[in-house]
Amino acid sequence: MTQTPNIIPVLFPKIRIIFDNYYNEKYDNSKLYQDILEYASIKTNGFKFTELGKWLMERNIEFKNDYSDSKAHTRMSNRIANKRQRIQNCIDNLKKWEFLRVSKMVNAQKNDIPIPFYIITPLGKLISLIVKAKFSNDEKEQNNILVQILDIFNSIKEHNDSAIVIFITELLNQLWKNNKNSSIIQHFERVLKLELNSGLDFLRDLLGTKYFIHWFIIDEEISFKILEKLPEDKRNIILYNLKTEIEYYYQQNYLIKDDIFKKNFLPVSINNFDYGDLINSRAIPSAYWEDNRMKYINLFSKIVVPSYCNTCNSHKAFIVDIADYLKSVIKWLPFPSMHISGNCLKCGNFLATEIISLPFISLMRG
Ligand SMILES: [Zn+2]
């Protein structure tokens, strides 16, 4: 008996698909990715396509349902052949994301044509554990999986004791000790929902090298305690990372939504031509902010925020303590305060500026 293989549109999914749940839809690629990762993490020495195919036909709910009732007698080789393209697409994406790799080429059983022998990568193992922790309903099992995840982080720390890795590992250990497993899983889930295109993107967010603030705001109380206990040099690095991340945000985004700039400084039309859009798209923070950023570069616990001063009638800046800034980010999550305020470095007048907008915050709302 032969069947027409399922025709699936060619998709270029994001890594987040692995964490989704389309159980009610006809083609559940999320579950398929999850199952492939599970098989790959069982077969730590590697596997061939056909071995995976057989396992999926017995384990994947959608495939099992497809071959029940009137199709229950479909031969295994035909079942696998019908789903081959779909499974192969998932494998190819997992390879692209660096969660699987080809460890060697081996000969197929029936002929001598070399076929790939796949193996899970350490990153793939980690993502498979996170997926299992998310979908596990058994508290004991979930706890067990989290211990394995913590072990991975602890072993990363043994090889790399950068301040960020020390901080993240300590934070995970503290969350676990304080029975905040759901915070850990929720955090990983948010990391995976970011716009990730490769294993490297995932690793960057996971290890906080891209958005370190995301880690810091998981649990404000624990984060600040860890910061206090760190040796001064490590604490300064953490503060410096937070400082540069926030200041860099203003460097990129300060005037994008700023209409004061247009109103006060821009002739609405020059020779009857509206330059508004042109100037606005080139908007950057002022030299005053740049100069003060340099002036306070060694003050790790302070952030220099650009702003417009109505008294000075020009673009100025103010200074905020990092702890106060982060408290504003954390306050009323998922709806943080919109603005951060301080006093003009030039005249002392009250100034306010929009607070940093993090990809995470919108995920918390969603
Ligand atoms: Zn001023």
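Residues numbered from 1 in each chain as written. Predicted model: local features only at pLDDT ≥ 70, side-chain atom pairs only at ≥ 80, totals over all residues.

### Quick word on the overall build of the protein
Counting its regular elements, the protein contains 17 helices and 6 strands. For the protein, with 366 residues in total, the buried portion stands at 30%. Looking at the protein alone, contacts between residues at least 24 apart form 58% of all its contacts between residues at least 6 apart. (Helix = DSSP H or I, 4+ residues; strand = E, 2+ residues; numbered from the N terminus. Buried ≥ 20, exposed ≤ 12 C-beta atoms within 10 Å, placed from the backbone. Contact = placed C-beta atoms within 7 Å.)

### Looking at the packing of helix H7 (residues 163–177) against helix H12 (residues 232–253)
Here H7 crosses H12 at 95 degrees, and the two axes come no closer than 9 Å. One way to sum up the angle between H7 and H12 is to call them roughly perpendicular. The residues of H12 that touch H7, namely those facing Ala-163, Ile-164, Ile-166 and Phe-167, are Lys-234, Ile-237, Ile-238 and Asn-241. Broken down by class, the residue content of the contact of H7 with H12 amounts to 6 nonpolar, 1 polar and 1 charged. (Axes fitted to C-alpha atoms, helices over the stretch in contact; angles between N-to-C directions. Parallel < 35°, antiparallel > 145°, perpendicular 65-115°, else oblique. Nonpolar A, V, L, I, M, F, W, Y, C, P; charged D, E, K, R; others polar.)

### Focus: the environment of Gly-342
Locating Gly-342 in the fold gives a position in strand E5 (residues 339–343). Classification of Gly-342 as buried rests on a count of 20 C-beta atoms within 10 Å. Taking the C-alpha atoms as reference points, Gly-342 and Val-304, 38 residues apart in sequence, are found 10.0 Å from one another. The contacts of Gly-342, once residues within four sequence positions are left out, are Val-305, Phe-318, Ile-319, Val-320 and Leu-351.

### So, unusual backbone geometry
For Asp-69, which is not a glycine, the phi torsion comes out positive at approximately 50 degrees. For Asp-69, the position within the fold is in the loop between helix H3 (61–66) and helix H4 (76–96). Even without being a glycine, Asn-179 presents a positive backbone phi close to 55 degrees. By the secondary structure assignment, Asn-179 is in the loop between H7 and helix H8 (181–193). Note on Asn-179: 9 C-beta atoms within 10 Å, which makes it exposed.

### Structural notes on the pairing of E5
Residue alternation in E5 divides its side chains into a buried set, Ile-340 and Gly-342, and an unburied set, His-339, Ser-341 and Asn-343. In this sheet, strand E6 (residues 350–354) lies alongside E5 in antiparallel orientation, the contact comprising 5 bridges. Each residue of the ladder has a partner; that of His-339, found in E6, is Glu-354. What sits between E5 and E6 in their antiparallel hairpin is a turn of 6 residues, with Gly-348 showing a positive phi close to 85 degrees. (Pairing = 2+ DSSP bridges.)

### So, H12
Given a rise of 1.5 Å per residue, 22 residues ought to cover 32 Å, and the 31 Å separating the end C-alpha atoms of H12 matches this to within 8%. For H12, every residue scored as buried is listed here: Ile-238, Leu-239, Asn-241, Leu-242, Lys-243, Ile-246 and Tyr-250. Where H12 is buried, its residues touch H7, helix H10 (212–216), helix H11 (220–229), strand E3 (302–309) and helix H16 (322–330). (Expected span 1.5 Å × (residues − 1).)

### Let's talk about the pairing of strand E1 (residues 100–107)
Along any regular strand the residues' side chains alternate between the sheet's two faces. Sheet analysis places E1 next to strand E2 (residues 114–120), joined by 7 bridges and oriented antiparallel. Bridging from a neighbouring strand, Lys-104 pairs with Phe-117 of E2. Between E1 and E2, which pair antiparallel and follow one another directly, the connecting turn spans 6 residues.

### Some words on the environment of Leu-242
Locating Leu-242 in the fold gives a position in helix H12. Excluding residues within four positions of it along the chain, Leu-242 makes contact with Phe-212, Ile-213, Phe-216 and Ile-322.

### Focus on the confidence of the model for the protein
Averaged over all residues, the pLDDT of the protein equals 84, while 84% of them reach at least 70. Overall, residues 259–282 carries pLDDT values under 50, and its contacts beyond four positions in sequence, including any with other chains, amount to 13 contacts. (pLDDT = per-residue confidence, 0-100.)

### So, the packing of helix H5 (residues 122–135) against helix H6 (residues 139–159)
Interhelical geometry of H5 versus H6 gives an angle of 155 degrees and a closest axis separation of 9 Å. Taken together, the axis directions place H5 and H6 in an arrangement best described as roughly antiparallel. Crossing geometry of H5 relative to H6 is assigned as left-handed. Between H5 and H6, the contacting residues are Leu-126, Leu-129, Ile-130, Lys-132 and Ala-133 on the first element and Gln-142, Ile-145, Leu-146, Gln-148, Ile-149 and Ile-152 on the second. Along the lines of polarity and charge, the residues of the contact of H5 with H6 split into 8 nonpolar, 2 polar and 1 charged. (Left-handed = near helix turned anticlockwise from the far one by under 90°.)

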